[in-house]
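A look at the structure
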Amino acid sequence: MGETVDKFICNRVVHHGPGAIERLDGEIHKLGGTRVGLITDPGVVKAGICKRVIEGINAEVFIFEGVEPEPSYELIDGCVAFLKEKGCDLVIGLGGGSGMDCAKMAAVMMKNTGKVTDYFGADRIPNPGLQVIAIPTTAGTGSEATPACVFVDPKDRVKKGVRSDFILPEVALLDPLLTFGLSQPLTASTGMDALTHAIEAYVSLRATLMSDIAAEQSIRLIGDHLRVAYSNGNNVSARYGMIMASFLGGVAIAVAGVGAVHALAHTLGGMHRVPHGVANALLLPYVMAFNRIGCRDRFARIASLLGEHVEGLSLEVASQRAVESVEKLNQDIYIPRHLRDLKIPEDSVDLIAERSIETGQRLLATNPRVISVEEAKEVLGIAY
Ligand SMILES: [Fe+2]
């Protein structure tokens, strides 16, 4: 560390705390938004969150509520057509990762020609898009803090990413009160997605001083708060801890990227429609057990950040504690333990491994341990 020039990227403005959405109108005004396109999903509208968010906005607001879970890139065409028809000059992304990712990509497509598929990969978008205000309603994806978004390609059911500095939202509003209504299963799976981001970024080969600061605090916050947020969804400090952990996880992966958990989870999600958070949560301890020998010192520190006592332990034992601690956390919040619990056919495990290694090379490049197809099969076999 410190021998190369590293890059740090983060939103221009972040408001965080209970009631943060009250700052929304002021931010819209500062950004010159007069016709605001709000991209969200039907669940957010049904939960009354959308109404709460738009109540305080003085500009005209047009709501696109057609975002689906694990969206296909084809959905973006609909978002863009809507924003153009309404003459929008600013975009709000409200929701979990899907809502925010669709808003981020649609905003960019408002100022770039061509198709979404032209921009899969890194740094291929020529122009900045409309400005985006991101408002998460779950505490997990950290999409509000990342210059990337992920979509399913319906032709081959592979998840594909777009990465560009122009995708990073200008403003993020982190309001824990918006997450009060999150169900226990969603609190659990999205919270573990955040932990996956923080841990993958922390052990990434591209980790930097700045990503470490974000990742360490994210891991600590999740160790302190996820069980309480799960147990009592109306606990403000636990919900605040989790929405900050999610944001910091996003900050960390914006710099350091993710790793093998995400490579495998993207294939699981693409092929078998397993929700992103569930796939990550389930696979995290198995991949940690595999990766551990690649960076035992960092795993020992993860154990400590999660609240384990590791003083005086050997690196070998202390690093094992990180894996055990995540297993225990998964158990406490009822994350499914095995792939068979998700009704994944056993004979598809090999194909998941092959596809993950084939399509996940960009993610796997920063994984702390090189993973072959055979090893991926082995990890998934244990997880099965
Ligand atoms: Fe993720």
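Computed from a predicted model, the values in this text were never measured in an experiment. Numbers given for residues are sequential positions, taken from 1 along each chain in its written order. Since the coordinates come from a predicted model, pLDDT governs what is reported: local features require at least 70, and pairs of side-chain atoms require 80 or more to be given and counted, while whole-chain, interface and lining totals use all residues. Heavy atoms from the whole structure form the basis of all side-chain values; hydrogens and water molecules are not counted.

1. Comments concerning the overall build of the protein chain
For helices the rule is a DSSP run of H or I covering at least 4 residues; for strands it is a run of E covering at least 2, with both sets numbered from the N terminus onward. For the protein chain, the count of helices and strands is 15 helices and nine strands. To get the radius of gyration, use the C-alpha atoms; to get the globule rule, take the number of residues to the power 0.38 and multiply by 2.2 Å. In terms of overall dimensions, the protein chain is globule-like: its C-alpha atoms have a radius of gyration of 20 Å, near the 21 Å expected for 384 residues. Taken over the C-alpha atoms alone, the protein chain extends approximately 60 × 45 × 45 Å along its principal axes. Note on classification: 1.4 Å probe, protein chains only; a residue is buried when its accessible area is under 20% of the maximum for its type, exposed when over 50%, partly exposed between these limits. Here the protein chain holds 384 residues, and the buried ones make up 59% of them. Sequence-distant contacts, at least 24 apart, represent 77% of the contacts inside the protein chain between residues at least 6 apart. Summed over all atoms, the accessible surface of the protein chain reaches about 15,500 Å², with 52% contributed by carbon and sulfur. Averaging the positions of the 37 positive and the 45 negative side-chain charges in the protein chain gives two centres separated by 2 Å. What makes two residues a contact is simply this: any of their non-hydrogen atoms within 4.5 Å. Where accessible areas are quoted, they stem from the Shrake-Rupley method and a 1.4 Å probe; at the residue level, only the protein chains shown are allowed to cover. The convention is simple: Lys and Arg are positive, Asp and Glu are negative, and His and the chain ends are not counted. Positions of charges follow a simple convention, taking NZ of Lys, CZ of Arg, CG of Asp or CD of Glu.

2. Here we look at the packing of aromatic side chains
Any two of the Phe, Tyr and Trp rings considered here, Trp counted by its six-membered ring, make a pair once their centres fall within 6.5 Å; the pair's planes then place it as stacked at under 30 degrees, edge-to-face at over 60, or tilted in between. Overall, the coordinates contain two aromatic pairs when judged by the stated rule. Pairing F64 with F82 gives two aromatic rings, centres 5.5 Å apart and planes at 65°, and the pair type is edge-to-face. Of this pair, F64 sits in strand β3 (residues 60-64) while F82 sits in helix α4 (residues 75-85), placing them 18 residues apart in sequence. Grouping residues by exposure puts F64 and F82 together as buried. Between Y73 and F120, the ring centres sit 5.6 Å apart and the planes meet at 80°, which makes this aromatic pair edge-to-face. In this pair, Y73 is assigned in the loop between β3 and α4 and F120 in the loop between α5 (97-109) and β5 (121-122), connecting sequence segments 47 residues apart. Of the two residues examined, Y73 and F120, each falls in the buried class.

3. Structural notes on the environment of A122
Considering the arrangement of structural elements, one finds A122 in strand β5. Spatially, the C-alpha atoms of A122 and P147 are 10.0 Å apart, while their sequence positions differ by 25 residues.

4. A short note on the coordination of the iron ion
Each pair of donors in an ideal four-coordinate tetrahedral metal site encloses 109.5 degrees, whereas pairs in an ideal six-coordinate octahedral site enclose 90 or 180 degrees. Sodium, potassium and calcium take a 3.2 Å donor cutoff, other metals 2.8 Å, and in both cases only N, O and S atoms count; water is not among them, so sites may look incomplete. The iron ion binds to the protein through D193 (OD), H197 (NE2), H262 (NE2) and H276 (NE2), with metal-donor distances spanning 2.1 to 2.4 Å. Square planar and octahedral assignments, for four and six donors respectively, both demand that opposite donors be over 155 degrees apart and that all other angles lie between 65 and 115; tetrahedral needs four donors with all angles between 85 and 135 degrees, and anything else is irregular. If you look at the iron ion, its four donor atoms make angles of 83 to 169° with each other, and the shape they trace is irregular. Each donor residue of the iron ion belongs to the same chain, with the gaps between them written as D-x3-H-x64-H-x13-H. One end of the pair, H197, is in helix α6 (residues 184-202); the other, H262, is in helix α9 (residues 260-272), with 65 residues separating them in the sequence.

5. Notes on the packing of α6 against helix α12 (residues 315-332)
Only the stretch in contact is used when a helix axis is fitted, and all axes are lines through C-alpha atoms; the angle between N-to-C directions ranges over 0 to 180 degrees. Where α6 meets α12, the axes come as close as 12 Å, and the angle between the chain directions of the two elements is 165°. For the element pair α6 / α12, the angle class is roughly antiparallel. α6 and α12 meet at a crossing whose hand is left-handed. Every residue of α12 that contacts α6 at M192, L195 and I199 is listed here: V326, L329 and N330. Of the residues assigned to the contact of α6 with α12, the class counts are five nonpolar, one polar and no charged. When an angle is under 35 degrees it counts as roughly parallel; over 145 it counts as roughly antiparallel; between 65 and 115 it counts as roughly perpendicular; any other value is oblique. Crossings are sorted by hand: turned counterclockwise from the far helix by less than a right angle, the near helix makes the crossing left-handed, and turned clockwise it makes it right-handed. Think of it as three bins: nonpolar holds Ala, Val, Leu, Ile, Met, Phe, Trp, Tyr, Cys and Pro, charged holds Asp, Glu, Lys and Arg, and polar takes everything else, Gly as well.

6. Regarding the pairing of strand β4 (residues 90-95)
Consecutive residues of a regular strand have side chains that alternate between opposite faces of the sheet. Taking burial as the measure, the six residues of β4 include six buried ones, the bulk of the element. Of the two faces of β4, the one holding L90, I92 and L94 and the one holding V91, G93 and G95 are both buried throughout. The pairing of strand β2 (residues 35-39) with β4 spans four bridges and is parallel. Paired with V36 across the strands is L90, a residue of β4. Two strands make a pair as long as DSSP finds a minimum of two bridges between them. By the bridge criterion, five bridges tie β4 to strand β6 (residues 132-136) in an arrangement that is parallel. If you follow G93 over to β6, its bridge partner there is A134.

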